[in-house]
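Letter by letter, the chains look like this.
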Amino acid sequence: IVRSILECLFNLVAAVEHPNFAVEKLIWEVEDEVKKIRKWIETTGEDETGFEETIKDLESLSSSLRQKYNTSAQLNWNAFESSRRAGLVGEYRREYFIYSKAVHATASGTISREQRVGRGHILQTVLFAMLYATGTMVQVVPTKSPQGHVDASAELIGKLTAFINAGYFRELDKAQLV
């Protein structure tokens, strides 16, 4: 869940920073899906599942989106690129990478979860994502006092950082809860 929260944060901030993000991301996902389906067909040597029709539909969608929004961009909007365009590469490296390893059940992900990624780490990551998203959302969602929300979010992120640096979340990781 935390990995999904982070990816949503990367996408939200990238969308605010880059006006064409939504359509470019959708086009990238559609075209990436076509590549994956073609690879599946290649692996089996034949189209046993009727995916050729799906490929045609997806290519048509991609083409119509490109035409409608007048874009020829060939950007790769994966999680890393979205985090890079959002200015959150550090969070990608420190947080998303850890949770991806856990999601994919790698040995290092399991060990990492046992050694580092406990309750406290999850809580600090979710709090950061919520606060950062709040400061970003008010840039696109009208409120009566957007700057107040940005300032409050920045202040709370500062306090969160102080708690992280003081080791409060590591203490929660170590706590024996019944």
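Residues numbered from 1 in each chain as written. Predicted model: local features only at pLDDT ≥ 70, side-chain atom pairs only at ≥ 80, totals over all residues. Heavy atoms only, no water.

K.L.:
I'd like a rundown of the nonpolar core, residues and numbers included.
P.N.:
One finds Leu6, Leu9, Phe10, Leu88 and Tyr96 to be the most contacted residues of the largest nonpolar core, which totals 22 residues. A total of six residues in this core trace back to one element, the largest contributor, which is helix 1 (residues 2-17). Judged by nonpolar contacts, the second largest core, of six residues, contains Val30, Ile37, Ile41 and Leu58. (Core = buried A, V, L, I, M, F, W, Y, C linked by side-chain atoms within 4.5 Å. Buried < 20%, exposed > 50% of the residue type's maximum accessible area, 1.4 Å probe, protein only. Helix = DSSP H or I, 4+ residues; strand = E, 2+ residues; numbered from the N terminus.)

K.L.:
Describe the pattern of salt bridges, and please don't skip the residues or the numbers.
P.N.:
Summed over all chains, the structure comprises eight salt bridges. Here glutamate 31 and arginine 66 are joined by a salt bridge, their closest N and O atoms 3.1 Å apart. You can see glutamate 31 sitting in helix 2 (residues 21-44) and its partner arginine 66 sitting in helix 3 (residues 51-68), a full 35 residues away along the chain. In this structure arginine 66 comes out as buried when scored by relative accessible area, which is 14%. Here lysine 36 ties to aspartate 32 by a salt bridge, and the two come within 3.4 Å at their closest N and O atoms. In this pair, lysine 36 and aspartate 32 are both assigned in helix 2, four residues apart and thus about one turn of the helix distant. A network of salt bridges, in which partner residues are shared, links Glu81, Arg84 and Arg85. (Salt bridge = Lys/Arg side-chain N within 4 Å of Asp/Glu carboxyl O.)

K.L.:
Could you give an account of unusual backbone geometry, naming the residues involved and the relevant values?
P.N.:
A positive phi angle is found at asparagine 70, which is not glycine, with a value near 50 degrees. A relative accessible area of 71% means that asparagine 70 is categorised as exposed.

K.L.:
Give me the lowdown on the layout of surface pockets, citing residues and values where you can.
P.N.:
With a probe scaled to a water molecule rolled over the atoms, the places where space remains empty come into view. Space inside the largest pocket adds up to approximately 370 Å³. Around the largest pocket, the lining is made up of 16 residues, and of these Arg94, Glu95, His121, Gln124 and Ile164 lie nearest the centre. Elements with a minimum of two residues in the lining of the largest pocket: helix 5 (89-103), helix 7 (119-137), helix 8 (146-166) and helix 9 (168-174). In terms of residue count, helix 8 provides more of the lining of the largest pocket than any other element does, five residues in total. Residue classes in the lining of the largest pocket are distributed as five nonpolar, five polar and six charged. (1 Å grid on protein atoms, 1.4 Å probe; cavity = no way out; pocket = protein on both sides within 12 Å on 5 of 7 lines; lining within 4 Å. Points joined across faces, edges and corners; volume = space filled by probe spheres on them. Nonpolar A, V, L, I, M, F, W, Y, C, P; charged D, E, K, R; others polar.)

K.L.:
With reference to specific residues and values, describe the packing of aromatic side chains.
P.N.:
Each aromatic ring pair is described using two quantities: the centre-to-centre distance and the angle formed by the ring planes. Applying the stated rule across the entire model yields eight aromatic pairs. Aromatic side chains tyrosine 92 and tyrosine 96 sit 5.0 Å apart centroid to centroid with 25 degrees between the ring planes, which places their arrangement in the stacked category. Of the two residues, tyrosine 92 and tyrosine 96 are both situated in helix 5; the distance of four residues between them amounts to about one turn of the helix. You'll find tyrosine 92 and tyrosine 96 in the same group, each marked buried. An aromatic cluster is built from Phe10, Phe80, Tyr92 and Tyr96, whose rings are joined through pairwise contacts. (Phe/Tyr/Trp six-rings, centres within 6.5 Å; stacked < 30°, edge-to-face > 60°.)

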